[in-house]
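Now for the letters of each chain:
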Amino acid sequence: MANYQHILIAADFSEYNDVVMLRAKELAERNQAKLSICHIIEDFPIADFAYEPMISIDMDMREALQKSGKQQLSALAKTQDIPDDNQWLELGSPGYDIVRLANENNIDLIIVGSHGRHGIKLLLGSTANTVLHHAKCDVLAVRLPEK
Ligand code: AMP
């Protein structure tokens, strides 16, 4: 098995984050790897009924989301002693931005949950699926219990 050096946890702040964190911790210890964690705040465009004009989420909402995201990410990172520099909060498209962060930071393993807040039904269109198909490194999807 490959000896991983830098593992990225993709955290969606769902109720199953602990399971994913625990698996990441085990793997990091076994490989003596560095751990980083990321959360992507989905920057969804808001369209009016006629689909125009497209408006991105406004500045106040963006700041509030970033502040709350930072707090949640930091609390989660603390449970595994992940330092500030390895906690990445971004605004964008979860699947693609997780892959971009992995490429930019020489990540050799991305860990995601098999499903998240959207549930098991959407597995095919999910973040885990996007990461799996676009990542240049290994991806581990931790099997999570169904609700
Ligand atoms: P989902 O696409 O919601 O079924 O989530 C599958 C997995 O992708 C989750 O268990 C997380 O590991 C990861 N994930 C989903 N959304 C995000 C997000 N916004 N930021 C970081 N990771 C995410």
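Remember, it's a predicted structure, so these values are computed and weren't measured experimentally. Every chain's residues receive numbers from 1 upward, in the order its sequence appears when written. A pLDDT threshold of at least 70 governs which residues receive local features in this predicted model, and a stricter bar of 80 or more applies before side-chain atom pairs are shown or counted, although totals over entire chains, interfaces and linings include all residues. To obtain the side-chain values, all non-hydrogen atoms of the structure were used and water was disregarded.

Quick word on the environment of Asp58
Our working rule: Secondary structure elements are defined from DSSP: runs of H or I of at least 4 residues count as helices, runs of E of at least 2 residues count as strands, and each element is numbered from the N terminus. A simple rule labels every residue: compare its accessible area, found with a 1.4 Å probe on the protein chains alone, to the largest value its type can have, and call it buried under 20%, exposed over 50%, or partly exposed in between.
The residue Asp58 is located in the loop between β4 (54-55) and α2 (59-78) in this model. The exposure class assigned to Asp58 is partly exposed, which follows from its relative accessible area of 45%.

Thoughts on the pattern of salt bridges
Selection criterion: In what follows, salt bridge is the name for a side-chain nitrogen of Lys or Arg lying within 4 Å of a carboxyl oxygen of Asp or Glu.
Counted by the stated rule, this structure contains 6 salt bridges. Among the salt bridges present, the one from Arg23 reaches Glu26, with a minimum N-O distance of 3.0 Å. Linking Arg23 with Glu26, this pair stays in helix α1 (residues 17-31), spanning 3 residues, or about one helical turn. Given a relative accessible area of 30%, Arg23 falls into the partly exposed group. Arg100 is the partner of Asp97 in a salt bridge, and the nearest nitrogen-oxygen pair spans 2.9 Å. Highlighted residues: Asp97 and Arg100, both in helix α3 (residues 94-104), separated by 3 residues, approximately one helical turn.

Thoughts on the nonpolar core
We apply this condition: In these notes, a set of buried Ala, Val, Leu, Ile, Met, Phe, Trp, Tyr and Cys residues joined through side-chain atoms within 4.5 Å is what counts as a nonpolar core.
Core analysis: the biggest nonpolar cluster contains 22 residues, and Ile7, Ile9, Leu35, Ile37 and Ile111 have the highest contact counts within it. Those elements that place two or more of their residues in this core are β1 (6-10), α1, β2 (34-42), α2 and β6 (109-113). Here the element with the most residues in this core is α1; it accounts for 5 residues.

Topic: the confidence of the model for the protein chain
To keep things clear, this is the line we draw: Per-residue confidence from the predictor is given as pLDDT, running between 0 and 100.
For the protein chain, per-residue confidence averages 87 on the pLDDT scale, and residues scoring 70 or more make up 82% of the total. Taken element by element, the protein chain is modelled with least confidence in strand β3 (residues 46-47), mean pLDDT 54, and with most confidence in β1, mean pLDDT 98.

Considerations on the site of the ligand
The criterion, for reference: Here, proximity means that at least one heavy atom of the residue falls within 4 Å of the molecule or strand. Polar contact is the term for a pair of N or O atoms within 3.5 Å; when the atoms are in protein, one must be able to donate a hydrogen and the other to accept it, and sequence-neighboring residues count only if both atoms are side-chain atoms. Only the protein chains shown count as cover for residues, and the accessible areas themselves come from Shrake-Rupley with a 1.4 Å probe. We call Asp, Glu, Lys and Arg charged. Ala, Val, Leu, Ile, Met, Phe, Trp, Tyr, Cys and Pro are nonpolar, and the rest, Gly among them, are polar.
Not every one of the 16 residues close to the ligand is listed here, only the nearest: Ala10, Ile40, Gly113, Gly116 and Thr127. Note that a nitrogen atom of the ligand is positioned 3.4 Å from one of the backbone N or O atoms of Ala11. At 2.7 Å, a backbone N or O of Ile40 approaches a nitrogen atom of the ligand. Compared with its free state, where it exposes 480 Å², the ligand has 97% of that area covered by protein. Looking at the shell around the ligand, the elements with two or more residues in it are β2, α3 and β6. Among the elements that take part in the shell around the ligand, β2 stands out by supplying 3 residues, more than any other. When grouped by side-chain class, the residues that make up the shell around the ligand number 7 nonpolar, 7 polar and 2 charged.

Some words on the environment of Leu144
Take Leu144: it is sitting in the segment after β7 (138-142). Linking Leu144 and Asn17, residues 127 residues apart in sequence, is a C-alpha distance of 9.6 Å.

Side note on the sheet that holds β1
Paired through backbone hydrogen bonds, the strands of a sheet run either parallel or antiparallel to each other. Stated precisely, the cut-off is as follows: Strands pair, by our definition, only if DSSP identifies at least two bridges between them. Angles here are taken between N-to-C directions and fall from 0 to 180 degrees, while the axes themselves are lines fitted to C-alpha atoms, restricted in helices to the stretch in contact. By definition in these notes, contact holds between two residues if any of their heavy atoms fall within 4.5 Å.
Ordered in space as β5-β2-β1-β6-β7, the 5 strands form an open sheet in which the pairing is parallel. Two strands bound the open sheet, and with one partner strand each, they are β5 (87-92) and β7. Within this sheet the neighbouring strands show an average axis-to-axis angle of 25°, counted without direction. Bridge analysis of β1 against β2 gives 5 bridges, and the strand direction is parallel. Bridging across to β2, His6 finds its partner in Lys34. Set on the sheet, α1 makes contact with β1, β2, β6 and β7; between it and β6 the angle comes to about 155°.

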